[in-house]
Amino acid sequence: MDRLRAQQIAESPEMKNVQYNGQNVYIQHVNDNDTAHCYFLDDPENEFDAQLSNLREKI
């Protein structure tokens, strides 16, 4: 996923279908080092940074 799209998703009030390693995630914000701070939808307590290149938007 490119940086601009990740930022748009993070700022959007609508939930988007984004996956990391085949699991649904929520993007909290985009970092300066081409990563996004995320959490798995089924485990919101487990926050992590994911490479933008590993995030996929499912349309």
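Just so it is clear, the structure is predicted and the values come from calculations on it, not from any experiment. (Residues numbered from 1 in each chain as written. Predicted model: local features only at pLDDT ≥ 70, side-chain atom pairs only at ≥ 80, totals over all residues. Heavy atoms only, no water.)

Chemist: Describe the sheet that holds strand S3 (residues 35-40), and please don't skip the residues or the numbers.
Modeler: Spatial ordering of the open sheet is given by S4-S3-S2-S1-S5, a layout of 5 strands whose pairing is antiparallel. Strands with a single pairing partner mark the edges of an open sheet, and in this sheet they are strand S4 (43-51) and strand S5 (55-57). Going from strand to strand, the sheet's axes swing by 45° on average, the running direction of each strand aside. In this structure, strand S2 (residues 23-30) lies alongside S3, joined through 5 bridges in antiparallel fashion. Residue Ile27 lies in a different strand from S3, and its bridge partner there is Cys38. Lying on the sheet, helix H1 (residues 3-11) is in contact with strand S1 (18-20), S2 and S5; it crosses S2 at an angle near 95°. (Pairing = 2+ DSSP bridges. Helix = DSSP H or I, 4+ residues; strand = E, 2+ residues; numbered from the N terminus. Axes fitted to C-alpha atoms, helices over the stretch in contact; angles between N-to-C directions. Contact = heavy atoms within 4.5 Å.)

Chemist: If you had to explain unusual backbone geometry to someone new, which residues and values would you point to?
Modeler: Positive phi, close to 55°, is recorded for Asn21, a residue that is not glycine. Looking at where Asn21 falls in the secondary structure, it is placed in the loop between S1 and S2. For Asn21, a relative accessible area of 61% gives the class exposed. With phi around 60°, Asp34 is a residue other than glycine that occupies positive phi space. Position of Asp34 among the secondary structure elements: in the loop between S2 and S3. (Buried < 20%, exposed > 50% of the residue type's maximum accessible area, 1.4 Å probe, protein only.)

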